[in-house]
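# Fold and geometry: a report
Now for the letters of each chain:
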Amino acid sequence: MRLILTLTLSVTPLFAFSQNSVTSSTAEPPPVSSAAQPSDTPLLGLPPVPIPTDNPQSAEKIALGDKLYHDRRFSADGNVSCATCHAEEKAFTDGLPVSTGHHGLQGTRNAPTVLNAAFYTSQFWDGREPDLESQSKQPFINPVEGGLKNHQPILQIVRSDPDYKAAFVSVFGVGGEQLTMDHVAKAIASFERTLVSGDSPFDRYYFNNDNSALSEAQVRGFQLFIGQGRCVSCHTIEQDRALFTDSRFHNIGIGINSIQQDVPRLATAFLEAKNQGEEVDTMVLTNRKSSELGRFAVTDRLSEMGAFKTPTLRNVALTAPYMHDGSLKTLKEVVIHYNNGGVTPAGAKVNAFLSGGIRPLNLTDAQIDDLVAFLQALTSPQIAQQTKSATPQ
Ligand code: HEC
Ligand code: HEC
């Protein structure tokens, strides 16, 4: 609660449009202030947030989504909400290698930040959902996340809880049987579209020509990022914006080594199960080996074996550990992995499906440190503040 207050009061708005924060499911509906109106002005370094025509933003809808996002009742043990794994005070991650859901059950993948997920053209590490609306329905019923058998318990709550009833009538004009998971998903997605952050030191250096925004090491790191390191070929920077993702899928040698000799057998078994109606969402998050199939699990294309979505690098210094399996603990370990040509530890066998864009980089130790320094310049000050103020002194 204290954290949220700090944010609401901070001079520079944390989000594209500041919002009313409702963290408790029993709280009174928040007063809707004019500050909560959606704004079209993008933050430095970011394009405008894409808003689907069938789900326009409104202050009230955002507040409703905020409340749903934090409601722990929508889980098998009453303890898990979206915020459990995507917590404000941890830059909207959980800080764990792989997430823990209801009754302490462990998944197979690292929780990516929800910050700037609004800009992705597909959701999840393997892109199996097209947008935030469809993504948001999955965690509730995933066996190792929310753990509900179906969405019915959620609908029962939102159709009967007086605050929710009033809010859904006001936002969507629906109640009772007419209130469906589509409405719940739309409200959550609207809230997520406010979780955007730009205006990092890099943005001020690159888009505002502020040469003092980066240290010398960071400037050298930036040169390596776009030059010898070839990072920018996947983590893209454009003339007026930088999302640090090409929205595509690449095998960069993470996790796949543990299943290499099993690939033909695993791939066949996976496709059989999928044809028999097994949910991809369940298979990849409950079985470590299935998880490593990556984009193949979605497209059935062998060329995408072990390929994962290029994640944004914004705020990456705050979201350790790294990669879809949380296997690399620090940014230095990440850069060393690339420097090794897509293997950890150095000298390990390169996997047969490795992206052509990943080759040894011949960086010196000093250059590795410079690249890490550059990655630290991608942190938005407001997000850094929020993470710091949550750490007990
Ligand atoms: C038990 C932990 C857990 C819970 C609860 C959870 N998530 Fe996640 N979330 C994850 C993990 C792990 C992934 C990555 C899974 C994958 O890619 O297969 C993820 C992925 C995502 C993504 C995709 C981001 C990207 O980079 O592609 C979004 C958006 C998201 N979650 C939002 C939500 C919302 C909204 C809720 C609540 C409805 C929620 N999550 C509940 C752990 C969780
Ligand atoms: C061929 C495309 C490609 C290139 C080139 C590339 N990356 Fe990546 N990067 C990815 C993909 C894909 C992932 C996620 C892989 C996974 O989890 O299996 C990733 C993950 C990361 C992560 C972890 C992010 C997180 O949230 O876990 C960091 C940091 C990173 N890359 C930095 C770099 C740097 C620095 C370079 C240049 C030395 C670089 N990348 C070059 C595609 C690429």
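Quantities reported herein were computed from a predicted structural model and do not represent experimental measurements.

The rules behind the values
- Residues numbered from 1 in each chain as written.
- Chains lettered and ligands numbered in written order.
- Predicted model: local features only at pLDDT ≥ 70, side-chain atom pairs only at ≥ 80, totals over all residues.
- Helix = DSSP H or I, 4+ residues; strand = E, 2+ residues; numbered from the N terminus.
- Buried ≥ 20, exposed ≤ 12 C-beta atoms within 10 Å, placed from the backbone.
- Near = placed C-beta within 6 Å.
- UniProt positions renumbered as here; feature names shortened; annotations may be inferred.
- Contact = placed C-beta atoms within 7 Å.
- Core = buried A, V, L, I, M, F, W, Y, C linked by C-beta atoms within 7 Å.
- Nonpolar A, V, L, I, M, F, W, Y, C, P; charged D, E, K, R; others polar.
- Axes fitted to C-alpha atoms, helices over the stretch in contact; angles between N-to-C directions.
- Parallel < 35°, antiparallel > 145°, perpendicular 65-115°, else oblique.
- Arc of directions from axis to C-beta.
- pLDDT = per-residue confidence, 0-100.

Next up on the list: the overall build of the chain. What the chain contains, in helices and strands, is 16 helices and two strands. Considering the chain as a whole, with its 393 residues, one finds that 47% of them fall into the buried category.

The next thing to look at is the site of ligand 2. In the vicinity of ligand 2 there are 27 residues, among which Cys231, Cys234, Tyr322, His324 and Gly357 approach most closely. If you list the elements that add at least two residues to the shell around ligand 2, you get α14 (331-339) and α15 (365-375). Looking at which element gives the most residues to the shell around ligand 2, the answer is α14, with four residues.

What follows is about the UniProt feature "binding site: heme c 2" (unreviewed entry) in the chain. UniProt's feature table lists "binding site: heme c 2" (unreviewed entry) at Cys231, Cys234 and His235, given in the numbering used throughout. Positionally, Cys231 belongs in the loop between α9 (216-226) and β1 (249-250). Mapped onto the elements of the fold, His235 is located in the loop between α9 and β1. Excluding its chain neighbours within four sequence positions, the residues that come into contact with His235 are Phe244, Thr245, Thr310 and Leu313.

All right, on to the nonpolar core then. Counting residues in each nonpolar core, the largest one holds 86 residues, and the members touching the most others are Ile188, Val335 and Leu375. In this view, Ile188 contacts Gly65, Leu68, Tyr69 and Ser136; residues no more than four positions away in its chain are not counted.

Take the site of ligand 1 next. Close to ligand 1 lie 26 residues; Cys82, Cys85, Phe124, Trp125 and Pro139 are nearest. Contributions of two or more residues to the shell around ligand 1 are made by α3 (82-85), α4 (132-141) and α11 (280-286). Here the residues of the shell around ligand 1 are counted per class, giving 15 nonpolar, nine polar and two charged.

Attention now moves to helix α2 (residues 59-69). Of all eleven residues in α2, ten are buried; the element is thus mostly enclosed. Among the residues making up α2, those that are buried are Ala59, Lys61, Ile62, Ala63, Leu64, Gly65, Asp66, Lys67, Leu68 and Tyr69. Each element contacted by the buried residues of α2 is listed here: α3, α6 (162-172) and α7 (181-192).

What follows covers the packing of helix α5 (residues 152-160) against α6. Following both chains from N to C, one finds α5 and α6 inclined at 85 degrees, their axes separated by 5 Å at the closest point. Here α5 is positioned roughly perpendicular relative to α6, judged by the angle of their axes. Contact residues: Ile157, Val158, Arg159 and Ser160 in α5; Tyr164, Lys165 and Phe168 in α6. For the contact of α5 with α6, the per-class residue count stands at four nonpolar, one polar and two charged.

Attention now moves to α6. When α6 is considered as a whole, its buried residues turn out to be Tyr164, Ala167, Phe168 and Val171. Around the axis of α6, the buried residues are gathered within 100 degrees of arc, so they sit on the same side. In the stretch just after α6, Gly173 is the one whose phi turns positive, near 70 degrees.

So, on to the packing of α9 against α15. A packed helix pair is summarised by two numbers, namely the angle formed by the two axes and the spacing between the axes. Taken N-terminus to C-terminus, the directions of α9 and α15 make an angle of 100 degrees; their axes are 7 Å apart at the nearest point. Taken as axis vectors, α9 and α15 run roughly perpendicular relative to one another. Residue-level contacts link Ala217, Gln218, Arg220, Gly221, Phe222, Leu224 and Phe225 of α9 to Gln367, Asp369, Asp370, Leu371, Ala373 and Phe374 of α15. In the contact of α9 with α15, the residues fall into seven nonpolar, three polar and three charged.

What follows is about unusual backbone geometry. Leaving glycine out, the prevailing phi sign among residues is negative, and the prevailing peptide bond configuration is trans. In this chain, Ala320 is followed by Pro321 through a cis amide linkage whose omega measures -5 degrees. Located in the positive-phi region is Phe124, a residue other than glycine, with phi close to 85 degrees. C-beta crowding within 10 Å serves as the criterion here: with 21 such atoms nearby, Phe124 is assigned to the buried category.

Low pLDDT means the predicted coordinates in that region are not meant to be read closely. Predicted confidence across the chain gives a mean pLDDT of 90, with 89% of residues reaching 70 or more. Note on residues 1-38: pLDDT under 50 across the span, and 63 contacts to partners over four residues away in sequence or across chains.

Structurally, Leu46 is set in the loop between α1 (2-9) and α2. For Leu46, a count of 22 C-beta atoms within 10 Å puts it in the buried group. Remark: the alpha-carbon pair of Leu46 and Gly198, spanning 152 residues in sequence, is separated by 6.1 Å. In contact with Leu46, not counting residues within four places along its chain, are Val196, Gly198 and Arg241.

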